[in-house]
Amino acid sequence: MSRLTGGPTMLAVDSRRLRRIIAENPNWSLGLVPFLSTLCLECIVRNFEGTPIYKELIPSQRDFVQARLSPSLPLPVTANLVDDGVYWRRCCEQRWEICDVSHYNHSWKQMFFERHLENIIEHFIPETTPLRIISEEIPLCEAYVRRLNISQMLPPIKEAKVGIGDTVDWLSDTDSDAAHMEHFDFRTLLNQLSCLEEFHLTYWVKQCGMNFEWKMFEMAERDSETLAMALESCKTLKVVRLYESHIDDQKCKLLAKHLVDHPSLRELNLSHNVIGDKGAKAVGKLLNSSKLEILNLSDNIIRDVGASAIAEALFNNCTLLSLNLRINRVTDEGGQATAKALLNNSTLLHLHLGANLLTGPTAILLSEALVKNQTLKTINLSCNKLGVDGGKALEEAIAQNSCLTECDVRLTDIDEQSASIINQVVSANKSASLTRRVVRTNGSASDINQMVCADERLEQEQGDEEQAQDDEGESQDGKGQPEDDEGQEQDDEGQEQDDEEQEQDDEGQEQDDEGQEQDDKAPSEARTSTSST
């Protein structure tokens, strides 16, 4: 072998070294080479921010891209381009720990933009945060925001004139400055949200720490004015909830004034505020000129004058379905006015008067209204001192009412027997109402009765047939027993005959054996005689 080859051993080593391929990916193989289309989609994902390509793709390719796009892409790139799907789910889950999409019509995109806009508003600091932050987000969010739930409103920061090292306070030291303190102006936002239907707002400051002051938890007068104008400009609003914001009579009157002619408002919730009789009067005027279906004024300071104003509006109202006046200061005067309104009203379904100052006279007049009113479904009179006489009057009235399905009389000082009878009657009414609902859904009552009777007859016939079959089987078993006995006797007789035949065969066999013995003896005797001769 020549020196160039280096001998047979060196040739084998060089050959293996030349044929060896070391791949960068140890798991790579020819079977894992991706399709060209996959490589193209991965390229689209990598360059999506600079060259967004999405509408031209088919649905399966869009799903591929959504599953791989970065959730940190700028919203101007993805907001109006990427459809609702797994991409927006990934964005929500990356940003918030709790993501219940069922509260957002099962739309991840709606959840993202609603919570995104809520977060911007809740952290907006007047005179500090630039307005362009809101204005730039509105075109991206307006088509997807249907509900806003604002749980915090930050006041402007006022730097106190103190020494170095002191902290920055949220408010100024003077009450005059606090009275004119303004929060975020919703006029720049609500009139541009074309799909907004629900608006929930609370003037709170979360995690204020040692800077706590009661002034942080109330709506300023200027806020009420700008908010009322903003609500009036949003013509798609159906639900407005302004609770726990220290809304007084003046602010309530201003809000009601701007909501009088609102075309789509159906629910107004002003609970947990400080609204008195003047504010309740303004709400009563709102009832007369709007299409409200739900009104919640619970936990305020409404007294008889305000309750009477609302009752007067309720007398001829034909749209309101639910009225909540619990935890107020209403006495018998306001309660009796409400009872008189029920005598004429034919649309109200739910009435809550719990935790007021009502007594027996109101219960007696309400019982008269319940006899005539066959529309009201639920009434709550709990935590009032109705007394024994009031309980008996309600018991007699509810016994004649077949529509009332709930009557809460807990902690009302009525007799236990009356309370028990009232609960039994409303429970029976509830069951009957459920039956009627089933009838309306599945058919007429006569059809259901006929079906029930037919099922009962069929079950009875099947039971009779099974019983008859059982009886017949028992009779056949009784008849078959003698036949079996006779057959057994015949078998016994045949067995005896067989035994006799066997005995006869044995006797014949014995006779044959004797004849064979005689045949055997004859030759031997012949040989004996021959030998002797």
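Please read these numbers as outputs of a predicted model, since none were measured by experiment. (Residues numbered from 1 in each chain as written. Predicted model: local features only at pLDDT ≥ 70, side-chain atom pairs only at ≥ 80, totals over all residues. Heavy atoms only, no water.)

Visitor: So, a positive patch on the surface: which residues are in play, and what are the values?
Guide: Residues K253, K278, K281 and K285 make up a contiguous surface patch of positive charge. In terms of residue count, the dominant contributor to the positive patch is helix α11 (residues 277-288) (three residues). Turning to its location among the elements, K253 is positioned in helix α10 (residues 249-259). Residue K253 is classed as partly exposed on the basis of its relative accessible area, which comes to 38%. (Patch = residues over 30% accessible without salt bridge, like charges linked within 9 Å, V, L, I, M, F, W, Y side chains within 5 Å. Areas by Shrake-Rupley, 256 points an atom, 1.4 Å probe, with all protein chains shown as cover. Salt bridge = Lys/Arg side-chain N within 4 Å of Asp/Glu carboxyl O. Lys, Arg positive; Asp, Glu negative; His and termini not counted. Charge placed at Lys NZ, Arg CZ, Asp CG, Glu CD. Helix = DSSP H or I, 4+ residues; strand = E, 2+ residues; numbered from the N terminus. Buried < 20%, exposed > 50% of the residue type's maximum accessible area, 1.4 Å probe, protein only.)

Visitor: Hey, could you go over the pattern of salt bridges for me, with residue numbers and the actual values?
Guide: All chains considered together, the criterion is met by eleven salt bridges. Between E136 and R132 there is a salt bridge, with the nearest N and O atoms lying 3.8 Å from each other. Of the two residues, E136 and R132 both sit in helix α7 (residues 132-141), four residues apart, roughly one turn of that helix. Classification of E136 by relative accessible area gives partly exposed; the value is 46%.

Visitor: Kindly report on the nonpolar core, identifying the contributing residues and their values.
Guide: F186 and L189 are the most contacted members of the largest nonpolar core, which totals 110 residues. Element by element, the count of residues in this core is highest for helix α6 (residues 108-122), at seven residues. F186 has contacts with I121, M153, F199, L201, Y203, L227 and A230, leaving out every residue within four places of it along the chain. By size, the runner-up hydrophobic cluster in this structure holds six residues, among which are I125, L154, C208 and F217. (Core = buried A, V, L, I, M, F, W, Y, C linked by side-chain atoms within 4.5 Å. Contact = heavy atoms within 4.5 Å.)

Visitor: If you had to explain the environment of Y104 to someone new, which residues and values would you point to?
Guide: In this structure, Y104 sits in the loop between α5 (86-95) and α6. When the C-alpha atoms of Y104 and V145 are compared, they prove to be 9.7 Å apart, with 41 residues separating the residues in sequence. Among all residues touching Y104, those that are not within four sequence positions of it are Q110, M111, E114, R115 and R147.

Visitor: Hey, could you go over the packing of aromatic side chains for me, with residue numbers and the actual values?
Guide: By the definition in use, this model includes 13 aromatic pairs. Aromatic pair F112 and F113: ring centres 5.4 Å apart, planes at 90 degrees, arrangement edge-to-face. In this pair, the class of F112 matches that of F113, namely buried. Grouping aromatic residues by their ring pairs yields a cluster made of Y87, W88, W96, F112, F113 and Y144. Across from the ring centre of Y104, 5.3 Å away, lies the NZ or CZ of R147, which sits over that ring. (Phe/Tyr/Trp six-rings, centres within 6.5 Å; stacked < 30°, edge-to-face > 60°. Lys NZ or Arg CZ within 6 Å of the ring centre and 35° of its normal.)

Visitor: Describe in detail the side chain of S418, supporting the description with residues and values.
Guide: By secondary structure assignment, the location of S418 is in helix α16 (residues 416-442). A distance of 2.9 Å separates the side chain of S418 from the side chain of E395, its partner in a polar contact. When near neighbours in sequence (up to four residues on either side) are disregarded, S418 contacts G391, K392 and E395. (Polar contact = N/O pair within 3.5 Å; in protein donor to acceptor, adjacent residues only side chain to side chain.)

Visitor: Go over the sheet that holds strand β2 (residues 198-201), please, and point to the residues and values.
Guide: Spatial strand order, β1-β2-β3-β4-β5-β6-β7-β8-β9: nine strands in an open sheet with parallel pairing. Strand pairing shows two members of the sheet lacking a second neighbour, β1 (147-150) and β9 (406-408), which therefore form its edges. This sheet shows a mean twist of 0 degrees between the axes of neighbouring strands, independent of strand direction. Alignment of strand β3 (residues 239-242) against strand β4 (residues 267-269), held across three bridges, turns out to be parallel. Bridge pairing links R241 to N269 in β4. (Pairing = 2+ DSSP bridges. Axes fitted to C-alpha atoms, helices over the stretch in contact; angles between N-to-C directions.)

Visitor: Kindly report on unusual backbone geometry, identifying the contributing residues and their values.
Guide: Positive phi outside glycine occurs at H106, with the angle close to 55 degrees. Turning to its location among the elements, H106 is positioned in the loop between α5 and α6. A positive phi angle, close to 55 degrees, is found at H246, a residue other than glycine. As for its position among the elements, H246 is in the loop between β3 and α10. Overall, H246 belongs to the partly exposed group, its relative accessible area being 37%.

Visitor: Describe the pairing of β3, and please don't skip the residues or the numbers.
Guide: The side chains of a regular strand alternate between both faces of the sheet. In the sheet, β2 pairs with β3 via four bridges, with the strands oriented parallel. The residue bridging E198 from the neighbouring strand is V239, located in β3. Following the chain from β2 across helix α9 (residues 221-233) to the adjacent parallel β3, one finds a crossover that is right-handed. With respect to chirality, the unit in which β3 leads through α10 into the neighbouring parallel β4 is right-handed. (Right-handed = clockwise from strand over helix to strand, strands pointing away.)

Visitor: Tell me about the side chain of T78, residues and numbers included.
Guide: Along the chain, T78 turns up in helix α4 (residues 75-78). The contact partners of T78, leaving out residues within four places of it in the chain, are F48, L73, Y87 and W88.

Visitor: Pulling in residues and values, what's your account of the environment of S102?
Guide: Within the element layout of this structure, S102 appears in the loop between α5 and α6. Overall, S102 belongs to the partly exposed group, its relative accessible area being 37%. Engagement of the side chain of S102 in a polar contact is seen with the side chain of D100, the distance being 2.6 Å.

Visitor: So what's going on with helix α13 (residues 332-344)? Residues and values would help.
Guide: In this model, α13 (13 residues) spans 19 Å end to end at C-alpha, consistent with the 18 Å of a helix rising 1.5 Å per residue. Inspection of α13 places D332, G334, G335, A337, T338, A339, A341 and L342 among the buried residues, and these make up the whole buried set. Residues of α13 that are buried make contact with α12 (304-315), β7 (350-352) and α14 (360-372). (Expected span 1.5 Å × (residues − 1).)

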